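# Descriptive structure summary
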Amino acid sequence: MKNEIYLCKPGGKIISALEIDEETVALTESVSDLWELSFDIHRYLYRDKLEENPYYDSVSEMMELYLFSESCVARFVIDSEPSVSTDGTAEVKRVSAHSIESELQYRFLED
């Protein structure tokens, strides 16, 4: 089973599956710390012709992700704006996200 990553709105509502560079997916699991998920997503996809990746621009800070893999099912939040790199022919976002409990650092508690 390959890794399936779904882009979600804050709150967890699924928008769509992402078409990512499968070879770049890295998951760091921890018993005592936040999990980290990273991967690359290309602006353009090569199918029968060159097409723009439909959710490339939607992958941004504070969006959420669901990961379905052989080893786990987990929810993540993109907690910083993805870095963008280009080599003149391809544009790629490097996405880094942490397990959903990291979103607690952005919540304010009221008395």
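A brief report on the enclosed structure follows. If you're wondering where the values come from, they're calculated on a predicted model, not measured in any experiment. (Residues numbered from 1 in each chain as written. Predicted model: local features only at pLDDT ≥ 70, side-chain atom pairs only at ≥ 80, totals over all residues. Heavy atoms only, no water.)

## Brief notes about the nonpolar core
Test applied: Residues belong to one nonpolar core when they are buried, are Ala, Val, Leu, Ile, Met, Phe, Trp, Tyr or Cys, and are joined through side-chain atoms within 4.5 Å. Burial classes follow relative accessibility: with a 1.4 Å probe on protein chains only, a residue under 20% of its type's maximum area counts as buried, one over 50% as exposed, and anything between as partly exposed. Strands are runs of DSSP state E lasting at least 2 residues, helices are runs of H or I lasting at least 4, and numbering of each runs from the N terminus. In what follows, a contact means two residues having at least one pair of non-hydrogen atoms within 4.5 Å.
Residues Ile5, Leu18, Leu37, Phe39, Ile41 and Leu65 are the most contacted members of the largest nonpolar core, which totals 19 residues. Every element with two or more residues in this core is listed here: strand 1 (4-8), strand 4 (36-42), strand 7 (64-68), strand 8 (73-77) and strand 10 (91-99). The element best represented in this core is strand 4, accounting for three residues. Those residues within four positions of Leu37 in sequence are excluded, and the remaining contacts are Ile5, Val25, Ala26, Leu27, Leu65, Leu67, Phe76, Val95, Ser96 and Ala97.

## Remarks on the pairing of strand 9 (residues 83-86)
Just so we agree on the cut-off: Two strands are said to pair when DSSP picks up at least two bridges between them.
The pairing of strand 9 with strand 10 spans four bridges and is classified as antiparallel. Looking at the pairing, Ser85 lines up with Val92 of strand 10. In this structure, the hairpin formed by strand 9 and strand 10 is closed by a connection of four residues, where Gly88 is found at a positive phi of approximately 95°.

## Focus on the pairing of strand 2 (residues 14-17)
Note: strand 1 against strand 2, three bridges, orientation antiparallel. Its bridge partner lying in strand 2, Leu7 is registered against Ser16. Connecting strand 1 to the next strand, strand 2, in antiparallel fashion are five residues, including Gly11 with a positive phi near 110°.

## A closer look at the side chain of Ser16
Tracing the backbone through its elements, the reader meets Ser16 in strand 2. Assessed through its relative accessible area of 18%, Ser16 is described here as buried. Residues contacting Ser16, with those up to four places away along its chain left out, are Ile5, Tyr6, Leu7 and Tyr55.

## What about the environment of Asp21?
For Asp21, the position within the fold is in strand 3 (residues 21-28). For the pair Asp21 and Arg94, spaced 73 residues apart in the sequence, the C-alpha separation amounts to 10 Å. Filtering out sequence-adjacent residues up to four positions away, Asp21 remains in contact with Asp40 and His42.

## Focus: the packing of aromatic side chains
To keep it simple, the criterion reads: Ring pairs shown here join Phe, Tyr and Trp side chains whose ring centres sit within 6.5 Å, with only the six-membered ring taken for Trp; geometry is labelled stacked below 30 degrees between planes, edge-to-face above 60, and tilted in between. Both a distance and an angle decide whether a charge sits over a ring: NZ of Lys or CZ of Arg must be within 6 Å of the ring centre and within 35 degrees of the ring normal.
Scanning all chains against the criterion turns up two aromatic pairs. On the basis of an interplanar angle of 90° and a centroid distance of 5.6 Å, the ring pair of Tyr6 and Phe68 is categorised as edge-to-face. Taken as a pair, Tyr6 in strand 1 and Phe68 in strand 7 lie far apart in primary sequence, 62 residues in all. The class of Tyr6 is partly exposed, set by a relative accessible area of 21%. On the numbers, 6.2 Å between centres and 40° between planes, the contact of Tyr66 with Phe68 is tilted. Overall, Phe68 belongs to the partly exposed group, its relative accessible area being 28%. An aromatic cluster of three or more residues is present, and its members are Tyr6, Tyr66 and Phe68. Cation over ring: Lys93 sits above Tyr56, and NZ or CZ is 4.7 Å from the ring centre.

Any link to function would need more than the numbers given here.
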